[in-house]
Amino acid sequence: MAAQTSDGHLFLFKKLGGLFAIIAGCLLTAVGVTFESTDTTVIGILLLVLGAVLLVLKIMRRNQQPG
């Protein structure tokens, strides 16, 4: 069972922010590729990477052994 932490709101932000960034990144990348807009595609890819990093950080923090 997971223990309560004092920075629970930060973990919630990482999870929701990561999911939002991945969804927005997918949409922007698709729009950028469809309309051949390099700027939009790059921003979409950056959002995808940001979302993945936020989720990986959350998962790594959750899996750390106490002590």
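Before reading on, note that the structure itself is shown above.
Since this is a predicted model, take the numbers as computed values, not measurements.

What counts and what doesn't
Residues numbered from 1 in each chain as written. Predicted model: local features only at pLDDT ≥ 70, side-chain atom pairs only at ≥ 80, totals over all residues. Heavy atoms only, no water. Helix = DSSP H or I, 4+ residues; strand = E, 2+ residues; numbered from the N terminus. Buried < 20%, exposed > 50% of the residue type's maximum accessible area, 1.4 Å probe, protein only. Contact = heavy atoms within 4.5 Å. Areas by Shrake-Rupley, 256 points an atom, 1.4 Å probe, with all protein chains shown as cover.

Caption draft 1: Representation of the overall build of the protein chain within the structure. Along the backbone of the protein chain there are two helices and zero strands. Across the 67 residues that make up the protein chain, the buried fraction comes to 21%. Put simply, 55% of the contacts in the protein chain that link residues at least 6 apart link residues at least 24 apart. If you sum the accessible surface of the protein chain, you get close to 5,300 Å²; carbon and sulfur atoms cover 71% of it.

Caption draft 2: Region of the structure containing the side chain of Lys58. Summarising the element assignment, Lys58 is placed in helix H2 (residues 38–62). Residue classification places Lys58 among the buried residues on the basis of a relative accessible area of 13%. Apart from residues lying up to four places away in sequence, Lys58 is in contact with Phe11, Lys14 and Lys15.

Caption draft 3: Spotlight on the environment of Leu28. Summarising the element assignment, Leu28 is placed in helix H1 (residues 8–34). Counting along the chain gives 11 residues from Leu28 to Asp39, while the straight-line C-alpha distance between them is 9.7 Å.

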